[in-house]
Amino acid sequence: MAITINSQPDLIAPAYNNMVFSVESSNVGNANFKFICDIYNDAYPTVFIRKKLPANPSNGYCYFDIAGIVRNYMTSDPPTDVLVQFTDCTKSYANYTVKFGEEYGATSGIVEYPDLEEVSQITFIAAIDYVDFTQGFIRVNDFNMGLNANSRFLTNIPDNIQVRLQDYFWLSFINNDSDVVDVLIRQYNSAGGLLQSDHTADTLGLAATIQQVGCGAANIVNSIGMDAATSYYTVVLSDSGHGVSEIRTFNLIEYCSPISETYTLTFLNKLGGYDSMNFFGQPLKTSTATKSNFKKRQGAWNGTSYEYNATDRNKVQYQTMIQDSVKLMTGWITDEQATWLEELFSSPDVLVTYGDYSLIPVNITDTNFTWKTTSREKLFSLEFMMDFSTMRIRQQF
């Protein structure tokens, strides 16, 4: 009995793309032959899902695409940390094992031979666009710290990110091959002079494949402090004194409108991290009520008489559900920002921060996205309609 694995996903593979194993066997010519594929979530090593498939009649090989199974091992890790520190995104990745076997024999006595070959790998909650994935324009190894000189964070947000002192921000990354020692944050004045340089240790190390580090201005204020003269700051991950990630630049801005409340949307991007965007435009708030009614018989007994009263209600509103919505508008944005914000439009997990409320779940309800460009529009902004995910309810009557 011999099973051979001819091809397989990368060691770390996005769960929302094809994750295909191609196998063959020297016993494929036997009666009633089928390949066996057992998929294990390593967090529950005694539980598995078994798939059986016959060999392809044209070449004798077989392929199993396990993406639809392993993506159920994960959800996501919305950011909550208000400090500059590292978080293990345990819900954003999963270690899994695939064991291959075969079965064959007479119809009266088919015999299973499982666990002949096995592979243990990692998957995470990225959803790379099909062409980028198949053509190799976006490769997971580009994001694995230490494999490249400037490994990328799990975000497509354009650099020179604008933040206010009260804004939180987080950057996610893969740490499977290089033990990231710390995050280095350097603060600069408007002339480019270095004001402050601070290292914050990563105590998680290789034990956490997908990590998240707080690096917004508010995270810095709450942890290491922000110099009063800071105009911008940079963020880079380092390993024993040398950078292992790209350098991200954050520009401090001041924005305070007496007539417009700022909404910040934090959303799951397609690489599996969370990005944030401030909306400074005048918001348009609406509330839509869904009212359920029934007809009630009017009047009531008064002793031996059945009497009516002008205050008797015939149509009774017994349930009222209120959907609150807000239309948000960006300021003038660039082509790169517009491309990035398509990920907000399509994101399944969006959270809003405004006023005294922080990271409240909402849904983007727009069903069409227009790809605007400066060559066509000259100056342009984008609008997004959001619904709060929890409806308000009024009293029953």
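Residues numbered from 1 in each chain as written. Predicted model: local features only at pLDDT ≥ 70, side-chain atom pairs only at ≥ 80, totals over all residues. Heavy atoms only, no water.

*Asks:* I'd love a proper account of the overall build of the protein chain, names of residues and values included.
*Replies:* Along the protein chain, the regular secondary structure elements total 5 helices and 27 strands. Oriented by its inertia axes, the alpha-carbon framework of the protein chain measures out at about 85 × 85 × 45 Å. Among the 397 residues that make up the protein chain, the fraction classed as buried is 45%. Contacts in the protein chain between residues far apart in sequence, at least 24 positions, make up 68% of those at least 6 positions apart. Summed over all atoms, the accessible surface of the protein chain reaches about 20,400 Å², with 49% contributed by carbon and sulfur. In the protein chain, which carries 26 positive and 43 negative side-chain charges, the distance between the mean positions of the two groups comes to 15 Å. (Helix = DSSP H or I, 4+ residues; strand = E, 2+ residues; numbered from the N terminus. Buried < 20%, exposed > 50% of the residue type's maximum accessible area, 1.4 Å probe, protein only. Contact = heavy atoms within 4.5 Å. Areas by Shrake-Rupley, 256 points an atom, 1.4 Å probe, with all protein chains shown as cover. Lys, Arg positive; Asp, Glu negative; His and termini not counted. Charge placed at Lys NZ, Arg CZ, Asp CG, Glu CD.)

*Asks:* Can you explain the packing of aromatic side chains? Please cite residues and give values.
*Replies:* Enumeration over the complete set of coordinates arrives at 21 aromatic pairs. Taking 5.0 Å as the distance between ring centres and 40° as the angle between the ring planes, the aromatic pair formed by Tyr40 and Phe48 counts as tilted. Ring plane angle 90° and centroid distance 6.0 Å describe the contact between Phe86 and Phe173, whose orientation is recorded as edge-to-face. With Phe86 in strand β7 (residues 86-88) and Phe173 in strand β11 (residues 170-174), this pair connects stretches of sequence that are 87 residues apart. Taking the relative accessible area as the measure of exposure, Phe173 reaches 0% and is therefore buried. Ring pairs connect the aromatic residues Phe33, Phe35, Tyr104 and Tyr113, which therefore count as one cluster. Geometry around Tyr40 places Lys99 over its ring, the cationic atom sitting 4.7 Å from the centre. (Phe/Tyr/Trp six-rings, centres within 6.5 Å; stacked < 30°, edge-to-face > 60°. Lys NZ or Arg CZ within 6 Å of the ring centre and 35° of its normal.)

*Asks:* Got a sec to walk through unusual backbone geometry? Specific residues and values, please.
*Replies:* A positive phi angle, near 55°, is found at Asn32, a position not held by glycine. Residue placement: Asn32 occurs in the loop between β3 (20-25) and β4 (34-41). Residue class for Asn32 comes out partly exposed when judged on its relative accessible area of 36%.

*Asks:* A description of the sheet that holds strand β8 (residues 93-104) should follow, citing residues and the corresponding values.
*Replies:* Strands sit in the order β2-β9-β8-β4-β5 across an open sheet of 5 strands; the sheet is mixed. Here the strands that pair on one side only, and so sit at the sheet edges, are β2 (12-14) and β5 (48-53). Across this sheet, the average inter-strand angle for adjacent strands is 35°, counted without regard to direction. In terms of strand pairing, β4 meets β5 through 6 bridges, oriented antiparallel. Looking across to β5, one finds that Cys37 is bridged to Lys51. (Pairing = 2+ DSSP bridges. Axes fitted to C-alpha atoms, helices over the stretch in contact; angles between N-to-C directions.)

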